[in-house]
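# What the coordinates show
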Amino acid sequence: MTLRHLEIFRTVCARESVTQAAEALNMTQPAVSMAVKELEAFYGVRLFERMNRRLYITEAGRSLLQYADTVLTQFQESVQVLRQGGVRGRCRFGMTVTIGETWLPAILTRLERELPQLDAEAFIQNSRRTEEMVLQNEIDFALVDNVSAASRSQHVTPLLRETMAAVCAPDLFPGRREMTLAELAEQRLLLRESGSGTRSSVDAVFQAAGLKAVPAVEGISASALLACAAAGAGITILPRSQIEAALQAGTVRELTVTDAVFQRTYFLVCHRNKYLTEGMKQAIAIVREVIA
């Protein structure tokens, strides 16, 4: 087995076709098929199911694809680092929308100032998609606010715990500053989308009390939800780091939930099989200092 075998395999997975993979690699179709068969013989497993003239990757194939991505990426990194004498390096990291809106500018500023030789790339997605990118080796590490059962494949380090608050327009519910969780569940709620860490944290509080939060408005933008709340469209529940400026400006006010506390924890995650270069480790150290 060689790196070329893994490269061919990864291309077949991406194209879902031996013919298209052969065209992309400038190879003959029989040569690509032979490489896949040699991999299957080497591992003693079937990597693809062939049905209706289509290829479907098997569970064994998905496992190998993770390793192939890691091996090929590390090989590319070794060429870059060693040929350039270690002067430059590459670092790809992901983060949730909340973390991106709150801390990304400070993180990028520190990286540019302290690690100018590092070619850093940042990706902002919700927690679910960010975690998928870690598992598929599309990024080197990530900052998330929710960790799924797939965390067994990852190193997970808690970074920071933050409280959240329910806020509404100043003139909504005149004279009222408190409500119970059950009362809150009956209101027009403006919530983040399913799959986000913020939404998971909010849903967990309601579910623990045997209640369900049904949003009147659901979206990926905390700024948009906050603007809707300020306009009197309902109540939004967001991290304090995202609402502090609006509270100080008086565009929204906080409603105290008397029988519940909304909290969220931010985590640093990376794949257990991921090799972290020195540049990646230095970038992680900077990220932790910024968020702590």
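Below or above, wherever it landed, is the structure these notes cover. Residue numbering note: each chain is counted from 1, following its sequence as written. Local features in a predicted model are, by the rule used here, given only for residues with pLDDT of at least 70; side-chain atom pairs are given and counted only at 80 or more, and totals for whole chains, interfaces and linings are based on all residues. The side-chain quantities take in all heavy atoms of the structure and omit both hydrogens and water.

Where helices and strands are cited, they refer to DSSP runs of H or I of at least four residues and of E of at least two residues respectively, numbered from the N terminus. Check the secondary structure of the protein chain and you find 11 helices and 12 strands. Each principal axis of the C-alpha distribution contributes one length, and for the protein chain these read about 75 × 50 × 30 Å. The cut-offs for exposure are 20% and 50% of the maximum accessible area for each residue type, with area from a 1.4 Å probe on protein chains only; residues under the lower value are buried, those over the upper are exposed, and the others partly exposed. The buried share among the 292 residues of the protein chain stands at 45%. We call two residues in contact whenever any of their non-hydrogen atoms come within 4.5 Å of each other. Put simply, of all contacts in the protein chain between residues at least 6 apart along the chain, 75% involve residues at least 24 apart. All accessible areas in this document rest on Shrake-Rupley with a 1.4 Å probe, and a residue is counted as covered only by the protein chains that are shown. Accessible surface computed for the protein chain: about 14800 Å², of which carbon and sulfur atoms make up 51%. Taking the average location of the 32 positive side-chain charges in the protein chain and that of its 32 negative ones, the two points are 4 Å from each other. Asp and Glu are treated as the negative residues and Lys and Arg as the positive ones, with His and the ends of the chain left uncounted. For this purpose, a charge sits on NZ of Lys, CZ of Arg, CG of Asp or CD of Glu.

Buried residues of nine kinds, namely Ala, Val, Leu, Ile, Met, Phe, Trp, Tyr and Cys, make up a nonpolar core once their side-chain atoms join them within 4.5 Å. Judged by nonpolar contacts, the single largest core of 24 residues is most densely connected at F93, I107, F141 and L143. The set of elements that each furnish at least two residues to this core consists of β3 (89-95), α5 (97-114), β5 (141-144), β12 (263-271) and α11 (278-291). When near neighbours in sequence (up to four residues on either side) are disregarded, F141 contacts C91, R92, F93, G94, V134, L268, V269, C270, M280, A283, I284 and V287. Formed by 20 residues, the second largest nonpolar core is a distinct cluster that contains L181, A185, V205 and I237.

Looking now at the packing of helix α2 (residues 18-25) against helix α3 (residues 29-43). Only the stretch in contact is used when fitting a helix axis, every axis being a line fitted to C-alpha atoms; angles between N-to-C directions are given from 0 to 180 degrees. One way to put it is that α2 packs onto α3 with a least axis distance of 8 Å and a crossing angle of 110°. With respect to their mutual orientation, α2 and α3 come out roughly perpendicular. Seen from α2, the contacting residues are V18, T19, A21 and A22; seen from α3, they are Q29, V32 and S33. A class-by-class count of the residues in the contact of α2 with α3 yields four nonpolar, three polar and no charged. For classification, angles of less than 35 degrees are called roughly parallel, those exceeding 145 degrees roughly antiparallel, those between 65 and 115 degrees roughly perpendicular, and all remaining angles oblique. As a working rule, the residues Ala, Val, Leu, Ile, Met, Phe, Trp, Tyr, Cys and Pro are called nonpolar, Asp, Glu, Lys and Arg charged, and the rest polar, with Gly in that last group.

Contact pair helix α1 (residues 3-15) / α3: the axes reach a minimum separation of 9 Å and the direction vectors enclose 110°. If you check the angle between α1 and α3, you find them roughly perpendicular. Every residue of α3 that contacts α1 at H5, L6, I8, F9 and V12 is listed here: V32, A35, V36, E38 and L39. Grouping the amino acids of the contact of α1 with α3 by side-chain chemistry returns eight nonpolar, one polar and one charged.

For the rest of this paragraph, the subject is the pattern of salt bridges. For salt bridges, the criterion is a side-chain nitrogen of Lys or Arg within 4 Å of an Asp or Glu carboxyl oxygen. Counting across every chain of the model gives 19 salt bridges. A salt bridge links R92 to D140, with the shortest nitrogen-to-oxygen separation between them at 3.0 Å. Taken together, the residues R92 in strand β3 and D140 in the loop between α6 (127-135) and β5 connect sequence positions 48 residues apart. On the accessibility criterion, R92 (7% relative accessible area) is buried. Residue R192 is joined to E193 by a salt bridge in which the shortest nitrogen-to-oxygen separation is 2.9 Å. Exposure remark for E193: the relative accessible area of 10% places this residue in the buried category.

This part is about the packing of aromatic side chains. Aromatic rings from Phe, Tyr and Trp, taking only the six-membered ring of Trp, are treated as a pair when their centres fall within 6.5 Å; an angle between ring planes under 30 degrees marks them as stacked, one over 60 as edge-to-face, and anything in between as tilted. On inspection of all chains with the given rule, the structure shows five aromatic pairs. When the centroid spacing of 5.0 Å and the interplanar angle of 90° are considered together, the rings of F42 and Y43 count as edge-to-face. Judged by relative accessible area, F42 falls into the exposed class, the value being 52%.

Time to look at the layout of surface pockets. In this approach, a probe sized like a water molecule rolls over the atoms, and the result shows the empty space that is left. Points on a 1 Å grid, built from protein atoms alone, make a cavity when a 1.4 Å probe fits but cannot get out and make a pocket when they are open with protein on both sides within 12 Å along at least 5 of 7 lines; residues with an atom within 4 Å of a point are the lining residues. Grid points are joined across faces, edges and corners, and a volume is the space filled by probe spheres set on the points. In this model, the second largest pocket occupies a volume close to 210 Å³. Taken together, I57, R62, L65, Q66, D69, E132, L135 and Q136 make up the lining of the second largest pocket. Of all elements in the fold, only α4 (59-83) and α6 reach the threshold of two or more residues within the lining of the second largest pocket. With four residues, the single largest contributor to the lining of the second largest pocket is α4.

Quick look at the environment of E16 now. Summarising the element assignment, E16 is placed in the loop between α1 and α2. In this structure, the C-alpha to C-alpha distance between E16 and R50, residues 34 residues apart in sequence, is 11 Å. Excluding its chain neighbours within four sequence positions, the residues that come into contact with E16 are R54 and L55.

On to a nonpolar patch on the surface, then. Only residues whose relative accessible area exceeds 30% and that take part in no salt bridge are eligible for patches, with like-charged residues grouped when within 9 Å of each other and nonpolar side chains (Val, Leu, Ile, Met, Phe, Trp, Tyr) grouped when within 5 Å. Taken together, M1, F42, Y43 and V45 make up a surface patch of nonpolar side chains, about 390 Å² in accessible area. In this fold, M1 is placed in the segment before α1. We classify M1 as partly exposed; its relative accessible area is 48%.

Pairing between two strands is assigned when DSSP locates at least 2 bridges connecting them. Relative to strand β9 (residues 215-219), strand β8 (residues 189-192) runs parallel, the two sharing four bridges. The residue bridging R192 from the neighbouring strand is G219, located in β9. Seen with its strands pointing away from the viewer, a crossover is right-handed when the path leading from the first strand over the helix to the second is clockwise. With helix α8 (residues 197-208) bridging β8 and its parallel neighbour β9, the resulting β-α-β unit is right-handed. Judged from the two bridges that link them, β8 and strand β10 (residues 235-239) form a sheet pairing that is parallel. Note that in β10 the partner of L189 across the bridge is I235.

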